[in-house]
Amino acid sequence: MPNFAYRGRNGAGEIVQGILEGATAGAVADLLFGTGVTPLEIKPTGASSGKAEAGAGGGIQLLKQKVEHMDVLLFSRQIHTLLRAGVPIMRALAGLQESSTNPAMREVLQDVRDSLDSGRELSLSLARHPEAFSPFYLSMVRVGEMTGRLEEVFIRLFDHLAFERFMKDQVKSALRYPSFVVAAMCLAVVIVNIFVIPAFARVFKGFGAELPLMTRILIGFSDFMVTWWPALLLGAVLSVFGFNAWRNTPKGRYTWDRFKLRIPIAGKIVRKATLARFAASFALASRSGVPIIQALTNVAETVDNAYIADKVEKMRDGVERGESILRTSISAGVFTPVVLQMIAVGEESGALDDMMKEVADMYQSEVEYELKTLAQQIEPILILVLGIMVLILALGIFLPLWDLGKVTVKR
């Protein structure tokens, strides 16, 4: 990882400077805040640690395994159990390395052990692997080191990661059903226009009479799809790749994440699940003694929604200006009146972490209820859309047959 030169002020107001290793300038800033230093300037020195070079020496590995969320989840639980049992940290890491089934996780644990051997703290050693450990995770470990409550922090992190995994699975479940239905409808439209309508069009041409407007529209759209289907298929593929590339840009991700919150029915589930993760993360950070400004900074990176993260960062800016959590929460415009009332009570009573935990539990319960009733909420919309599709097909295909029947009867 790269090294960063920093300059800042300590608690006594004195200027301090030095060099720290970190994944990004933001990670170094978090490290400085954790030690009581307010950074004034952070810039890369151009040097890097031996970790990256050592990893690159082995050549490029295709399809290399990654450290998964479940690996970090199990690591947090197991390291808590070992530390609580009095096992030294180096022995604990060695045991976890041997028992890990993921080669990538074994490599990470080996590097963490080497880093600890060289005199680094655990939080700095874990920070060498930002792909596995988030800034929020590292901040919590750093607080555990400073307070001597590492084992307690790890079990809290385990509970938090389990909660986060549960909420992500809930959101995927919420979006899976409507996505499948929409995809099935699109496939049905393609099949009807390419195979069904052309067969009827050949029959209608033998009538020798003017066809109804709806029939002409259907036949024209079907002819267009049959003639240009290679271009349409290529356009669809390019659109998917283009959309993914756009969504990976900061502006694209912000716009898409904001749009997801406005999707009928599913949007409110995504919003509640995201805010549940925010409240749970904030409660955990507050309970562990993380300064509120640093907590909001780290929580913004854990909500997994650029739009909500922007609101959280604006809350942090408001707190830095001296505003209360309640005032900044109202300005964010994403919390319900009930949640705002709970934040007000928590801030006034000094039990904000407990109130935020209750907010997370409340949102979790609401998400579970919304998922149970999701099918009932979507069914009327699907029935309406299917009814419109059937009506269009009926008018387009059967009106000419009906007209032909009337002509035959008159004869």
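Keep in mind it's a predicted model, so treat the numbers as computed, not measured. (Residues numbered from 1 in each chain as written. Predicted model: local features only at pLDDT ≥ 70, side-chain atom pairs only at ≥ 80, totals over all residues. Heavy atoms only, no water.)

1. Points about the pattern of salt bridges
A complete count under the given rule lists 13 salt bridges for this structure. Notably, a salt bridge pairs Asp353 with Arg287, separated by 4.0 Å at the nearest N-O pair. Placement of Asp353 in helix 16 (residues 352–372) and of Arg287 in helix 11 (residues 266–287) is noted, with a sequence separation of 66 residues between them. On the basis of relative accessibility, which here comes to 34%, the residue Arg287 falls in the partly exposed class. Lys357 is the partner of Asp361 in a salt bridge, and the nearest nitrogen-oxygen pair spans 2.9 Å. Taken as a pair, Asp361 and Lys357 lie in helix 16 at a separation of four residues, close to a single helical turn. Residues joined by salt bridges that share partners form a network here, namely Lys268, Lys272, Glu366 and Glu370. (Salt bridge = Lys/Arg side-chain N within 4 Å of Asp/Glu carboxyl O. Helix = DSSP H or I, 4+ residues; strand = E, 2+ residues; numbered from the N terminus. Buried < 20%, exposed > 50% of the residue type's maximum accessible area, 1.4 Å probe, protein only.)

2. Digging into the packing of helix 4 (residues 89–99) against helix 5 (residues 103–117)
Packed helices, taken two at a time, are described by the angle between their axes plus the distance between the axes. Relative orientation of the contacting elements helix 4 and helix 5 amounts to 160°, with a least axis distance of 9 Å. The angle between the axes of helix 4 and helix 5 places the two elements in the roughly antiparallel class. The two elements helix 4 and helix 5 meet at a crossing, and its hand is left-handed. Between helix 4, through Ile89, Met90, Leu93, Ala94, Leu96 and Gln97, and helix 5, the contact on the second element is made entirely by Arg106, Leu109, Gln110, Val112, Arg113, Leu116 and Asp117. Its residues placed into classes, the contact of helix 4 with helix 5 shows eight nonpolar, two polar and three charged. (Axes fitted to C-alpha atoms, helices over the stretch in contact; angles between N-to-C directions. Parallel < 35°, antiparallel > 145°, perpendicular 65-115°, else oblique. Left-handed = near helix turned anticlockwise from the far one by under 90°. Contact = heavy atoms within 4.5 Å. Nonpolar A, V, L, I, M, F, W, Y, C, P; charged D, E, K, R; others polar.)

3. Concerning the confidence of the model for the protein chain
On average, residues of the protein chain score 81 in pLDDT, and 89% of them are at 70 or above. Contacts for the low-pLDDT stretch residues 49–62, under 50 throughout, to residues beyond four places or in other chains number nine contacts. This stretch, residues 407–411, has a pLDDT under 50; its non-local contacts, to residues over four places away or in other chains, come to zero contacts. (pLDDT = per-residue confidence, 0-100.)

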